[in-house]
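Close look at the chain arrangement
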Amino acid sequence: TPDIQGDPHAAADADAAAARLRALTGADNHDVALVMGSGWAPAVDALGEPEHELPVTDLPGFPPPAVEGHGGTIRSYRIGEKRALVFLGRTHFYEGRGVASVAHGVRTAVAAGCKTIVLTNGCGGLREGMRPGQPVLISDHINLTAASPIVGANFVDLTDLYSPRLRALCKEIDPTLEEGVYAQFPGPHYETPAEIRMARTIGADLVGMSTVLEAIAAREAGAEVLGISLVTNLAAGMTGEPLNHEEVLQAGRDSATRMGALLTQVLGR
Ligand SMILES: Nc1nc2[nH]c(I)nc2c(=O)[nH]1
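Note that the coordinates shown come from a computational prediction; the quantities given were computed from them, not determined experimentally. (Residues numbered from 1 in each chain as written. Predicted model: local features only at pLDDT ≥ 70, side-chain atom pairs only at ≥ 80, totals over all residues. Heavy atoms only, no water.)

1. Section: the overall build of the protein
Per the secondary structure count, the protein includes seven helices and nine strands. The C-alpha radius of gyration of the protein comes to 17 Å, within 12% of the 18 Å expected for a compact globule of 269 residues. Summarising its shape, the C-alpha atoms of the protein cover approximately 50 × 40 × 35 Å along the three principal directions. The buried share among the 269 residues of the protein stands at 53%. Restricting to contacts in the protein with at least 6 residues of sequence separation, those with at least 24 account for 81%. (Helix = DSSP H or I, 4+ residues; strand = E, 2+ residues; numbered from the N terminus. Rg over C-alpha atoms; globule rule 2.2 N^0.38 Å. Buried < 20%, exposed > 50% of the residue type's maximum accessible area, 1.4 Å probe, protein only. Contact = heavy atoms within 4.5 Å.)

2. Some thoughts on the packing of helix H3 (residues 99-111) against helix H6 (residues 212-220)
Where H3 meets H6, the closest approach of the two axes is 9 Å, and the angle between their N-to-C directions is 55°. By the angle class used here, H3 and H6 are oblique. Two packed elements cross with a definite hand, and for H3 against H6 that hand is right-handed. On H6, the residues that touch Val99, Val102, Ala103, Val106 and Arg107 of H3 are Leu213, Glu214, Ala217, Ala218 and Glu220. Grouping the constituent residues of the contact of H3 with H6 by class yields seven nonpolar, no polar and three charged. (Axes fitted to C-alpha atoms, helices over the stretch in contact; angles between N-to-C directions. Parallel < 35°, antiparallel > 145°, perpendicular 65-115°, else oblique. Left-handed = near helix turned anticlockwise from the far one by under 90°. Nonpolar A, V, L, I, M, F, W, Y, C, P; charged D, E, K, R; others polar.)

3. Overview of unusual backbone geometry
Residue Pro188 is bonded to the preceding Gly187 through a cis peptide linkage, with omega at 0°. As for its position among the elements, Pro188 is in the loop between strand E7 (178-184) and helix H5 (193-201). For Asp160, which is not glycine, the phi torsion reads 50° and is therefore positive. In this structure, Asp160 sits in the loop between strand E6 (134-143) and helix H4 (164-173).

4. Structural notes on the confidence of the model for the protein
Atom-level detail of predicted coordinates should not be read off regions where pLDDT is low. On average, the protein scores 90 in pLDDT, and the residues at 70 or more come to 91%. Predicted as a complex, the structure gets a pTM of 0.93 and an ipTM equal to 0.96. (pLDDT = per-residue confidence, 0-100.)

5. Here we look at the pattern of salt bridges
Proximity of charged atoms lets side chains of opposite charge pair with each other. Scanning all chains against the criterion turns up 12 salt bridges. Two residues, Arg97 and Glu95, come together in a salt bridge whose shortest N-O distance is 2.9 Å. Residues Glu220 and Arg107 are paired through a salt bridge, measuring 3.2 Å at the closest nitrogen-oxygen approach. In this pair, Glu220 sits in helix H6 while Arg107 sits in helix H3, placing the two residues 113 residues apart along the sequence. Of the residues examined, Glu220 reaches a relative accessible area of 30% and is grouped as partly exposed. Salt bridges linked by common partners bring Arg127, Glu178 and Asp205 together as one network. (Salt bridge = Lys/Arg side-chain N within 4 Å of Asp/Glu carboxyl O.)

6. Topic: the site of the ligand
Near the ligand, the surroundings consist of 12 residues, among which Tyr190, Glu191, Gly208, Thr232 and Asn233 are the closest. Contact between the ligand and Glu191: a nitrogen atom at 2.5 Å from a side-chain N or O atom of the residue. Here a nitrogen atom of the ligand and a backbone polar atom of Gly208 are 3.5 Å apart. Considered on its own, the ligand offers 330 Å² of accessible surface; in the complex 97% of this is hidden by protein. Elements with a minimum of two residues in the shell around the ligand: strand E5 (116-125), strand E8 (206-208) and strand E9 (224-234). Classifying every residue of the shell around the ligand by side-chain character gives six nonpolar, five polar and one charged. (Near = heavy atom within 4 Å. Polar contact = N/O pair within 3.5 Å; in protein donor to acceptor, adjacent residues only side chain to side chain. Areas by Shrake-Rupley, 256 points an atom, 1.4 Å probe, with all protein chains shown as cover.)

So, in structure tokens, the structure goes:
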């Protein structure tokens, strides 16, 4: 069973991974990290050509991608004056590798100098009017994993965890963007219709299987966090249709250009 506590040595791993990243890229410092979730890969094309690209397994503490050929790559870009670290893919809690493994990418990014962490994901939409392909800014989260990446009596404050400054910046760039509360379920199964009714009742607008534990780790490490979800499907029970994972890729392609432009502009600010 996965350890549902973080690993006290995680910080050491992150420093080792960041040192190796510096050695492999020759880049002393990165300023911002982006974690690209399901359906977001096409948006990365808008960032242009990476200066460096390496498999995550080149860095200590990163497992190979859960699905061969899907993700498991880290890229380093220069965007204006900034250097951006882009993780294509992530370790999900449902892989059973423990929370330290889920938080490792974010902790490595902060150890590499990143002051801002942008977490993206694919998710189910609970709110009436939401539609597949719609990006939603995360305003707050509900942690249904019963886990934390933090070990010990470190009572981290999570008020305004999802940066009001960066959310306002995104809405300035694209005023049509809506906001929503994201709930992380452990997964990997999708929710039952009853669980979706519960999630809606407790105030969630979006349901997923990532992001929350990473955001907590990023706040603990002192980074500013922006979260953006891509609604790839309406959550279970909303349309009477069974959920299928194929919607992810199509929804990502449909909104890739819009999201790519948004990310590039946000990073440039
Ligand atoms: N928990 C949960 N995660 C998801 N990821 C995607 I893409 N769609 C969903 C969904 O409907 N529920």
